[in-house]
Protein chains: 2
Amino acid sequence: MEKIKLFLVDDHSLFRRGLKNLLNEMGEFEVVGEVSNPLEAFNLVGKLEVDIVLLDVNMPEMNGVQAIQQLRKLNPAIRILMLTISQDNQDLIGAINNGANGYVLKNTEPEILKNSILQVYNGNSVLSPEITTEILNTIRRTQQDKTKNILTEREIDVLRCLAKGNTTSNISNILFISENTVKTHIRHIMEKMEVKNRAEAVAKGAQLGFF
Amino acid sequence: MEKIKLFLVDDHSLFRRGLKNLLNEMGEFEVVGEVSNPLEAFNLVGKLEVDIVLLDVNMPEMNGVQAIQQLRKLNPAIRILMLTISQDNQDLIGAINNGANGYVLKNTEPEILKNSILQVYNGNSVLSPEITTEILNTIRRTQQDKTKNILTEREIDVLRCLAKGNTTSNISNILFISENTVKTHIRHIMEKMEVKNRAEAVAKGAQLGFF
DNA sequence: ATTGAGGGTGATTAATAAATCATCCTATCG
DNA sequence: CGATAGGATGATTTATTAATCACCCTCAAT
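Everything numeric in this text was worked out from a predicted model, so none of it was measured.

Colleague: For the sheet that holds strand 4 (residues 79-84) of chain A, give the residues involved together with the corresponding values.
Modeller: Residue and element names in this part refer to chain A. In space, the six strands of this open sheet follow the order 2-1-3-4-5-6, with parallel pairing throughout. The sheet is open, and its two edges are formed by strand 2 (29-35) and strand 6 (126-127), each paired on a single side. Both strand 3 (residues 52-55) and strand 4 contribute to a ladder of four bridges, which runs parallel. Bridging across to strand 4, Val53 finds its partner in Ile80. Relative to the sheet, helix 1 (residues 13-26) contacts strand 1 (4-9) and strand 2, its axis offset from that of strand 2 by approximately 165 degrees.

Colleague: Describe helix 2 (residues 38-45) of chain A, listing the residues and the values that go with them.
Modeller: Residues and elements named next belong to chain A. Looking only at helix 2, the buried set comprises Pro38, Ala41 and Val45. In a view along the axis of helix 2, the buried residues occupy a sector of 45 degrees, so they form one face of it. In this fold, the buried residues of helix 2 make contact with strand 1, strand 2, strand 3 and helix 3 (64-74).

Colleague: An account of the packing of helix 7 (residues 153-163) of chain B against helix 10 (residues 198-208) of chain B is requested, with residue identities and associated values reported.
Modeller: All names here are of chain B. Packing of helix 7 against helix 10 leaves a shortest axis separation of 10 Å and a crossing angle of 105 degrees. Our classification of the angle between helix 7 and helix 10 gives roughly perpendicular. Listed contacts from helix 10 to Leu159, Leu162 and Ala163 of helix 7 are Arg198, Ala201, Val202 and Gly205. Looking at the contact of helix 7 with helix 10 residue by residue, the class counts come to five nonpolar, one polar and one charged.

Reading the values: the criteria
Residues numbered from 1 in each chain as written. Chains lettered and ligands numbered in written order. Predicted model: local features only at pLDDT ≥ 70, side-chain atom pairs only at ≥ 80, totals over all residues. Pairing = 2+ DSSP bridges. Helix = DSSP H or I, 4+ residues; strand = E, 2+ residues; numbered from the N terminus. Contact = placed C-beta atoms within 7 Å. Axes fitted to C-alpha atoms, helices over the stretch in contact; angles between N-to-C directions. Buried ≥ 20, exposed ≤ 12 C-beta atoms within 10 Å, placed from the backbone. Arc of directions from axis to C-beta. Parallel < 35°, antiparallel > 145°, perpendicular 65-115°, else oblique. Nonpolar A, V, L, I, M, F, W, Y, C, P; charged D, E, K, R; others polar.

Any functional reading would require information that these geometric values do not contain.
Structure, rendered in structure tokens:
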């Protein structure tokens with residue numbers, strides 16, 4: 001059966017040589033080309049028959065993340081698997097947003113790299129375990145930021161007072177606003193949280209991390 | 001060496017039985033308990049010594065996603081690995097936001113499940129390949145939404161006119177606003193994109209997907 | 001020298017969002 | 001029955017953001 005055609009882009013020639021030998025020996029792959037920077041890759045991946053590009057991130061002349069879209073333009077069917085030591089969040093998110101099909105660290109075991117390439121070839125995305133962890137943490141942080149913006153600063157003030165057991169009257173004294181204003185803020189809080197009363201609002205507030 | 005202690009939560013008893021046998025036979029694991037719903041798990045995971053809970057999502061009496069935080073409260077050191085057929089985006093994002101350490105599909109090969117459990121035990125997060133793909137697509141969509149909101153509708157109108165090669169004068173005729181208004185919008189576009197002139201703004205606009 | 005184009009700085013108006021407050025009703029408790 | 005508390009509905013004012021426009025300068029082309 002036909003071998004999966006790989007193209008290596010990495011500025012370290014010893015690494016490329018070693019990787020090429022390793023991949024060719026595995027039996028399922030054929031390394032059809034190798035260059036030391038994306039600019040050289042641009043000249044070739046449009047011409048060669050390539051299934052997957054293994055692309056480093058940090059390279060002297062051009063960053064791998066910036067090369068993704070250009071490579072994809074030159075060969076729309078191509079798949080791109082980042083192979084790097086960088087665990088930098090910006091590199092990772094940049095690679096994803098630019099369309100990388102996977103992000104694997106260079107400390108990966110050969111057998112895992114082989115499986116990763118096969119997964120990418122089959123249309124799935126793959127990440128190294130540490131990268132998966134970083135991604136999930138990023139998603140959690142993003143969600144927390146989003147959650148925080150549901151309520152205005154004033155609404156949060158009122159909700160925290162409620163959480164401490166204060167009545168409308170107490171809260172108006174604490175915040176130097178009228179009871180009617182407090183009630184309006186509470187109404188908006190309940191609307192935004194889709195709850196029926198202030199007790200539920202406090203419970204939801206705790207769940208969302210407001211206190 | 002000591003075996004990793006697992007706790008199974010799944011409403012299908014045949015599945016639990018088969019999984020328990022499989023995991024125990026692997027040698028690295030010991031299934032110390034199994035229940036058919038999270039409510040029963042609440043009673044036990046605080047008492048038993050459990051390293052990792054394998055938790056289904058869809059269960060009749062309580063959804064697994066909703067159980068995560070409660071399980072974490074009962075035993076803060078516990079790790080939770082979702083094991084489910086659900087590829088629903090809301091289930092997935094819900095699980096992640098509630099603190100799940102991994103999300104693996106039930107169609108996973110036994111050897112991959114073993115490795116996944118070991119990764120989670122070692123502090124990493126794991127996802128099935130299809131789930132990784134879904135996660136990366138979610139991140140891309142989120143980023144695209146965010147990007148779209150950088151500019152107001154009017155600014156986008158102006159930028160698109162620029163991209164078609166129009167001058168300030170042409171754009172004012174097209175949009176029925178004064179040239180000075182067009183220039184102000186262009187100024188704001190350049191500020192938001194952190195570029196120095198309108199050509200760069202157009203290039204950045206293309207990169208960000210405005211046209 | 002004039003015209004056309006782009007860029008810089010500032011101001012005004014309109015629209016939207018946030019914060020404020022009023023009035024009325026219901027339920028509970030003393 | 002009166003007082004207290006929570007909730008529903010609506011209105012006004014203030015603050016912020018978006019959209020609008022004016023004026024001035026520099027540079028290149030004619």
